[in-house]
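The chain contents come next:
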2 protein chains.
Amino acid sequence: MLSRLAKSNVLQQGRGLAQIANAEPNAPTIKTAIPGPKSLELKAQMDPVHQTTSVRFFVDYEKSFGNYVVDADGNQLLDVYTQISSLPLGYNHPDLVEVAATPRLITSLVSRPALGSFPRTDYGKGVEHSLTSIAPKGLKAVQTMLCGTSANENAIKTAFIWYQAQRRGGKGPDAAALESCMNQQKPGTPNLSVMGFQGAFHGRSLCMLSVTRSKAIHKVDIPALDWPIAKFPRYKYPLDKNVEYNNAQDKECLKDVEEKIAEWKKRDNDVAALIVEPIQAEGGDHYGSPQFFQGLRDITKKNGVVFIVDEVQTGGGGTGDIWAHDHWNLSSPPDIVTFSKKLLTGGYFYAEHLRVKEAYRIYNTWCGDPTKLLLLDKAIEVIKRDKLVEKSKLIGVEFQKNLAQLQAAHSSKLDQARGRGTFAAIDFPTSALRDKLVDTAIANGLHCGGCGDKSLRFRPSLVYEKRHLEQTFELLNKSLKQI
Amino acid sequence: MLSRLAKSNVLQQGRGLAQIANAEPNAPTIKTAIPGPKSLELKAQMDPVHQTTSVRFFVDYEKSFGNYVVDADGNQLLDVYTQISSLPLGYNHPDLVEVAATPRLITSLVSRPALGSFPRTDYGKGVEHSLTSIAPKGLKAVQTMLCGTSANENAIKTAFIWYQAQRRGGKGPDAAALESCMNQQKPGTPNLSVMGFQGAFHGRSLCMLSVTRSKAIHKVDIPALDWPIAKFPRYKYPLDKNVEYNNAQDKECLKDVEEKIAEWKKRDNDVAALIVEPIQAEGGDHYGSPQFFQGLRDITKKNGVVFIVDEVQTGGGGTGDIWAHDHWNLSSPPDIVTFSKKLLTGGYFYAEHLRVKEAYRIYNTWCGDPTKLLLLDKAIEVIKRDKLVEKSKLIGVEFQKNLAQLQAAHSSKLDQARGRGTFAAIDFPTSALRDKLVDTAIANGLHCGGCGDKSLRFRPSLVYEKRHLEQTFELLNKSLKQI
């Protein structure tokens, strides 16, 4: 059997590489409307067996490369949306293609471990070599999970477990707690809440929707928990011309946070954790200042509230740092930092005092996926080797300059240019005009996406270079003239 | 670059195949205590960076094959636990190894799509060829997800969305609903509940823990929703000698279900969905009769409650059918059937009337993982080609006979032998004795696992044959004599 396989695999592998693109086009090529006839045909075929309500177009992933996505109809688009900000190295990066054919990866795929109980022999070393090497300042231990939502869910469970242990003088659950929780009675089943923010997005599981306030269509018809939602700053740009207004925003929001923590305590529904994004991405790219986040760190510390920073969309280098919260210069690190998307595996870093001592409390069948860790390990190696975060920071400065110029040139249509690194956004007067720009840009060969009510967001990968930037703004300029 | 890669990949692939086991040992080989010194060393190394509280031992996945798992110390164990019932074809099945090296799989790995918006061109066909080909009777459309928990979460969201649409005469959310849900007020944010059962397990996300009642350590310290929990039958075995008692169990439990649906309606917290496992696996392998489930189908239909069957652990062939609910002969199919584990991708089948019309309501970044679908596609091909479900059904009959004989031979230690196919369990007088048997069996080379308080569960893969069965009972017999 081995020789049959070896032969067939070697052949396949040879064919495989020839089938996978290995160079970028010089510029977009548009052959059809998007979605084109082939995409529409595939959509009609798929719809009876798997819903397609949110499908924009079908992608030929074998033909896509680097910053260019190729759709089912052969249209080649420059991609600054990158699978909702989830491709660290663009499409089909040769180093990742290479790692995909290694025996470690193949066995991880076909003999998937229940990682919490029977990890691979190389899992600990893999975690150390990849995730630990980029751990946020002050944090060391990490828990892998499958996606951003499960990372947030388990971060919050960790906070609840810690909060209740504190109430018991640091001890694990006693007999009374274990017995009462099976009937969902106190003391085993406590009233506890999590604070979120207006405009936030932390996932779409039933509970995460209680702290998610980005769009009504995500929340409607789903029952919710009585958890507090605080105000999040809404700044005016450019920042240096709106200092007073923006400082007042910070103050007002921090006051709201303090008041709501007190209010929920009075209701016997203590805030055990506060979860916040460094940049509210899905909600419309809303930023908080370092002072605002330092204020949150102070308030959570004072009140014994676990401070969770959700870096699912911001983590991984797009902001010019691996972690967007790096530039806050906090007096003490966040208690938990969650991640997914560009970091390929989901998971969260946590402070040592939050470590759960008892087995099977933070657990599920998979606890992540070793194939994602192996890819991440290689991606981090490439990011360091090719200095991609540093490069992204430099190109980010250019990006912001160009975005400001674009706004100046189209001041009746654009407002609030903002960003950090290549993680950037700009606002339109209405949702309809924003949507029209997205459609027009796609038709011109630039794949971008919206966020919030009327914002356009940019999420290029870390292999985005000067020539891509020039093309991006050329296509934006052209598209803006057309709408 | 292509030629460098092609060469290195071909070499790697050759090396890779040589490194991946391709034959089973004839019998277990035990060299050390388990966990052995190497596992203990790896655990100590990993613990500072990633918690290891529930790690049993580390596995050398390259050396494992078929029904045999090889640990870090070179111990070769016959595995009837299979990564918590999650390997359909055992370890490193050659057909899966082969598919792992194809360009479709490689690009799916390294250029991961946001499936809900930009699916691969082959995704619809892949769904049809794999999942649709094994769809439960009466259901056609399927939604892929990442894991069993996210499948259950989204099945329940689907139920809530449908329930509220019914209240609006079949219409989608109106302006009043969309506006109020952002403040979590009625009508947009309704009171709705989900009915679960005592002993059930549906996952460990915050909300799923409200319908999970298998073990206190999973639930303690986590806040919960006011959702009803009904009684689930607890039968006496053998079934043919306890007909009256078992029928009374069914009746009592169905009465409880009806009463609680009425009670929660009175509380203005309607039961929108009922979720139930065909066999309560994690909770201790508790079975319901076809009559019981037919009763549930009738009650849910009468009350407009969405009937969700959670086949995350039972689906995939181990019970002698692809779906454990197949043999209930329901008068009408379940509304939703969820799956994961042995089916490699998570997801759920749903009845057409439940299809969500609006985009982005059932959605997340990944909506599954195309690498899992490609593996499943091949696995289903192999299962059909090699008639593995039929074979598993036959070997299952033998398994149940042997289990009954084992119980008769060790009647002071064993009770309640039960099962369907090779999905089987037996009870011990105490947790302590069960745990001792698991440890002893592992020390003798049989990897099995517990469930519930004092049950031992068997979850062989579909490549489990007569010789493995003989070894299993030899090792069990030996181990029982030693405890």
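Residues numbered from 1 in each chain as written. Chains lettered and ligands numbered in written order. Predicted model: local features only at pLDDT ≥ 70, side-chain atom pairs only at ≥ 80, totals over all residues. Heavy atoms only, no water.

**Examining the overall build of chain A**
To be explicit about the condition: Per the convention used, a helix needs a DSSP run of H or I reaching at least four residues, while a strand needs a run of E reaching at least two, with both numbered from the N terminus. Only the C-alpha atoms count toward the radius of gyration. The rule for a globule is 2.2 Å times the residue count to the power 0.38. Only protein chains enter the accessibility calculation, which uses a 1.4 Å probe. A residue is then buried if its area is under 20% of the maximum for its type, exposed if over 50%, and partly exposed in between. Per-residue accessibility takes into account occlusion by the displayed protein chains alone, with areas from the Shrake-Rupley method and a 1.4 Å probe. When charges are counted, Lys and Arg are positive and Asp and Glu negative, with His and the chain ends excluded. All charge positions are set by atom: Lys at NZ, Arg at CZ, Asp at CG, Glu at CD.
Assigned secondary structure in chain A consists of 15 helices and 16 strands. Radius of gyration (C-alpha) of chain A: 23 Å, near the 23 Å computed for a compact globule of 483 residues. Counting only C-alpha atoms and orienting by the principal axes, one finds that chain A spans roughly 70 × 65 × 45 Å. Across the 483 residues of chain A, 68% fall into the buried class. Counting every atom, chain A has about 16600 Å² of accessible surface; 53% of that belongs to carbon and sulfur. Seen as two clouds, the 61 positive and the 52 negative side-chain charges of chain A have centres 1 Å apart.

**Section: the nonpolar core**
We count it as follows: Among the buried residues, those of types Ala, Val, Leu, Ile, Met, Phe, Trp, Tyr and Cys that are joined through side-chain atoms within 4.5 Å form a nonpolar core.
Ranked by internal contacts, the top residues of the largest apolar core, which has 144 residues, are Phe197 and Leu296 of chain A together with Phe197 and Leu296 of chain B. Counting 60 residues, the second largest nonpolar core, distinct from the first, contains Ala273 and Ile275 of chain A together with Leu206 and Ile275 of chain B.

**Some details on the packing of aromatic side chains**
Applicable threshold: A pair of Phe, Tyr and Trp rings is counted when the ring centres sit within 6.5 Å of each other, with Trp represented by its six-membered ring. The angle between the planes then sorts it: under 30 degrees is stacked, over 60 is edge-to-face, the rest tilted. For a lysine, the NZ atom is tested; for an arginine, the CZ atom; a charge sits over a ring if that atom is within 6 Å of the ring centre and within 35 degrees of the ring normal.
The final tally for this structure, using the stated rule, is 36 aromatic pairs over all chains. Between tyrosine 348 of chain B and tyrosine 350 of chain B the ring centres are 6.0 Å apart and the planes differ by 50°, which places this aromatic pair in the tilted class. Accessibility assignment for this pair places tyrosine 348 of chain B and tyrosine 350 of chain B in one class, buried. Both rings, one in phenylalanine 399 of chain B and one in phenylalanine 473 of chain B, keep their centres 5.0 Å apart while their planes meet at 65°; by these two values the pair is edge-to-face. Here the residue phenylalanine 399 of chain B occupies a position in helix H13 (residues 388-409), and phenylalanine 473 of chain B occupies one in helix H15 (residues 466-482), the gap between them amounting to 74 residues. For phenylalanine 399 of chain B, a relative accessible area of 0% translates into the label buried. Exposure remark for phenylalanine 473 of chain B: the relative accessible area of 7% places this residue in the buried category. Above the plane of the ring of tyrosine 245 of chain A lies lysine 236 of chain A, whose end atom (NZ or CZ) is 4.2 Å from the centre.

**Some points on unusual backbone geometry**
Residues and elements named next belong to chain B. Note the cis peptide between isoleucine 34 and proline 35, where omega equals 5°. Omega for the peptide link from lysine 186 to proline 187 comes to 0°, which places this bond in the cis form. Structurally, proline 187 can be placed in the loop between helix H8 (175-181) and strand S4 (193-197).

**With respect to the pattern of salt bridges**
Residues and elements named next belong to chain A. Applied cut-off: Every case where a carboxyl oxygen of Asp or Glu lies within 4 Å of a side-chain nitrogen of Lys or Arg is listed as a salt bridge.
Enumeration over the complete set of coordinates arrives at 70 salt bridges over all chains. Where arginine 297 meets aspartate 335, a salt bridge forms, and the shortest distance between an N and an O atom there is 3.2 Å. Residue arginine 297 is found in helix H11 (residues 290-303), and its partner aspartate 335 is found in the loop between strand S9 (306-310) and strand S10 (336-339); the two are separated by 38 residues along the sequence. We classify arginine 297 as buried; its relative accessible area is 2%. The buried category is assigned to aspartate 335, whose relative accessible area is 8%.

**Let's talk about the pairing of strand S11 (residues 346-350) of chain B**
Residue and element names in this part refer to chain B. For the record, the criterion: Here, strands pair whenever DSSP counts at least two bridges between them.
Within S11, five of the five residues are buried, which leaves the element mostly enclosed by the surrounding structure. Across the two faces of S11 the burial is the same, with Gly346, Tyr348 and Tyr350 and Gly347 and Phe349 all buried. Across five bridges, strand S3 (residues 141-145) lies against S11 in antiparallel orientation. If you follow threonine 144 over to S11, its bridge partner there is glycine 347.

**Side note on the sheet that holds strand S2 (residues 76-79) of chain B**
Residue and element names in this part refer to chain B. The sheet built from three strands is open, its strands ordered S1-S2-S14 with mixed pairing. Of all strands in the sheet, those bounded by a partner on one side alone are strand S1 (68-70) and strand S14 (446-447). Alignment of S1 against S2, held across three bridges, turns out to be antiparallel. Looking across to S2, one finds that valine 69 is bridged to leucine 77.

**As for the relation of the copies chain B and chain A**
To be explicit about the condition: The copies are overlaid by a least-squares fit using only the C-alpha atoms of residues whose pLDDT is at least 70 in both copies. What makes two residues a contact is simply this: any of their non-hydrogen atoms within 4.5 Å.
The operation relating chain B to chain A is a screw motion whose rotation component is 180°, with 0.0 Å of axial translation and a residual RMSD of 0.0 Å. The relationship between the two copies is best expressed as a two-fold rotation axis. Mapped onto chain A, 100% of the interface residues of chain B are again interface residues, and the two copies thus contact each other with one and the same surface.

**Some words on the packing of helix H13 (residues 388-409) of chain A against helix H15 (residues 466-482) of chain A**
Residue and element names in this part refer to chain A. To keep it simple, the criterion reads: Where helices are involved, their axes are fitted lines through C-alpha atoms of the stretch in contact, as for all axes, and angles between N-to-C directions lie from 0 to 180°. The cut-offs work like this: below 35 degrees is roughly parallel, past 145 is roughly antiparallel, 65 to 115 is roughly perpendicular, and the gaps in between are oblique. Crossing handedness: left-handed means the near helix sits turned counterclockwise from the far one by under a right angle, and right-handed means the same turn made clockwise.
Two elements in contact, H13 and H15, have axes whose closest approach is 11 Å; the angle formed by their N-to-C orientations is 15°. By the angle class used here, H13 and H15 are roughly parallel. Every pair of crossing elements has a handedness; the one defined by H13 and H15 is right-handed. Residues Ile395, Glu398, Phe399, Asn402, Leu403 and Leu406 of H13 touch H15, and the partners they reach there are Lys466, Leu469, Phe473, Leu476, Asn477 and Leu480.

**Comments concerning the side chain of glutamate 62 of chain B**
Using the following cut-off: Polar contacts, as counted here, are pairs of nitrogen or oxygen atoms within 3.5 Å of one another; within protein the pair requires one atom able to donate a hydrogen and one able to accept it, and residues that are adjacent in sequence qualify only if both atoms are side-chain atoms.
Within the secondary structure, glutamate 62 of chain B is located in the loop between helix H2 (37-46) and S1. Residue class for glutamate 62 of chain B comes out buried when judged on its relative accessible area of 13%. A distance of 3.1 Å separates a polar atom in the side chain of glutamate 62 of chain B from a polar atom in the side chain of arginine 120 of chain A. Apart from residues no more than four positions distant in its own chain, glutamate 62 of chain B is found in contact with Pro103, Arg104, Thr107 and Arg120 of chain A together with Gln19, Ile20, Ala21 and Asn92 of chain B.

**Considerations on the interface of chain B and chain A**
Test applied: Summed over both partners, buried area is the accessible surface (1.4 Å probe) that two parts give up on being assembled. Ten residues, namely Ala, Val, Leu, Ile, Met, Phe, Trp, Tyr, Cys and Pro, are considered nonpolar, four, namely Asp, Glu, Lys and Arg, are considered charged, and the remaining ones, Gly among them, are considered polar.
Listed per partner, the contact involves 137 residues of chain B and 137 residues of chain A. Of the roughly 12600 Å² buried at the junction of chain B and chain A (both faces included), carbon and sulfur atoms supply 61%. Among the residues chain B hides against chain A, the three largest losses belong to Val49, Phe118 and Asp221 of chain B. Together they make up 7% of the total. The residue arginine 168 of chain A makes a salt bridge to aspartate 221 of chain B at a minimum N-O spacing of 2.8 Å. Summed over the shared surface of chain B and chain A, the number is 64 residue pairs in polar contact (both at pLDDT 80 or more). Ranked by residues supplied to the side of chain B that touches chain A, first place goes to helix H1 (residues 2-19) of chain B with twelve residues. Classifying every residue of the side of chain B that touches chain A gives 72 nonpolar, 39 polar and 26 charged.

**Focus on the sheet that holds strand S1 (residues 68-70) of chain A**
In sheet architecture, strand pairing relies on hydrogen bonds along the backbone and comes in two forms, parallel and antiparallel. With mixed pairing, the three strands of this open sheet are ordered in space as S1-S2-S14 (chain A). Because the sheet does not close on itself, it has two edges, and the strands there are S1 and strand S14 (446-447) of chain A.

**Focus on the state of the cysteines**
Heads up, the rule is: Working definition: a disulfide is two cysteine sulfur atoms within 2.5 Å of each other.
Per the stated rule, a full pass over the model turns up zero disulfides over all chains. Cysteine cysteine 367 of chain B shares no disulfide, and the gap to the nearest cysteine sulfur, in cysteine 147 of chain A, comes to 11 Å.

**Some remarks on the packing of helix H5 (residues 103-110) of chain A against helix H12 (residues 370-385) of chain A**
All names here are of chain A. Where H5 meets H12, the closest approach of the two axes is 8 Å, and the angle between their N-to-C directions is 155°. When the axis of H5 is compared with that of H12, the two are roughly antiparallel. Along its contact with H5, which presents Arg104, Leu105, Ser108 and Leu109, the element H12 presents Pro370, Thr371, Leu374 and Leu375. Its residues assigned to classes, the contact of H5 with H12 shows five nonpolar, two polar and one charged.

**Some words on the confidence of the model for chain A**
Our working definition: One confidence number per residue, pLDDT, is output by the predictor and ranges from 0 to 100.
In the predicted model, chain A carries a mean pLDDT of 95, and 96% of its residues have values of at least 70. Note on residues 1-12 of chain A: pLDDT is under 50 here. Beyond four places in sequence and across chains, it has 19 contacts.

**Side note on the environment of alanine 155 of chain A**
All names here are of chain A. Mapped onto the fold, alanine 155 is located in helix H7 (residues 148-167). Looking at alanine 155, the relative accessible area reads 0%, which means it is buried. Along the chain, alanine 155 and phenylalanine 349 lie 194 residues apart, while their C-alpha atoms are 8.8 Å from each other. The contact partners of alanine 155, leaving out residues within four places of it in the chain, are Ile308, Ile336, Thr338 and Tyr348.

**With respect to the domain arrangement of chain A**
Residue and element names in this part refer to chain A. Where we set the bar: What fixes the domain bounds is an automatic or database domain assignment.
Per the domain assignment, the segments of chain A are domain 1 (2-92 + 387-482) and domain 2 (105-384). Relative placement of domain 1 and domain 2: their C-alpha centres are 28 Å apart. Taken together, the contacts link 29 residues of domain 1 with 28 residues of domain 2. Both sides of the domain 1 and domain 2 interface together cover about 2400 Å² of buried area, and 54% of this is carbon and sulfur. At the junction of domain 1 with domain 2, the criterion picks out three salt bridges. The residue arginine 457 makes a salt bridge to glutamate 282 at a minimum N-O spacing of 3.3 Å. There are 19 residue pairs in polar contact (both at pLDDT 80 or more) connecting domain 1 and domain 2. The set of elements that each furnish at least two residues to the side of domain 1 that touches domain 2 consists of helix H3 (82-85), H13, strand S12 (415-420), strand S13 (423-427) and strand S16 (455-458). Among the elements that make up the side of domain 1 that touches domain 2, the one with the highest residue count is S12 (five residues). Per-class residue counts for the side of domain 1 that touches domain 2 are 13 nonpolar, ten polar and six charged.

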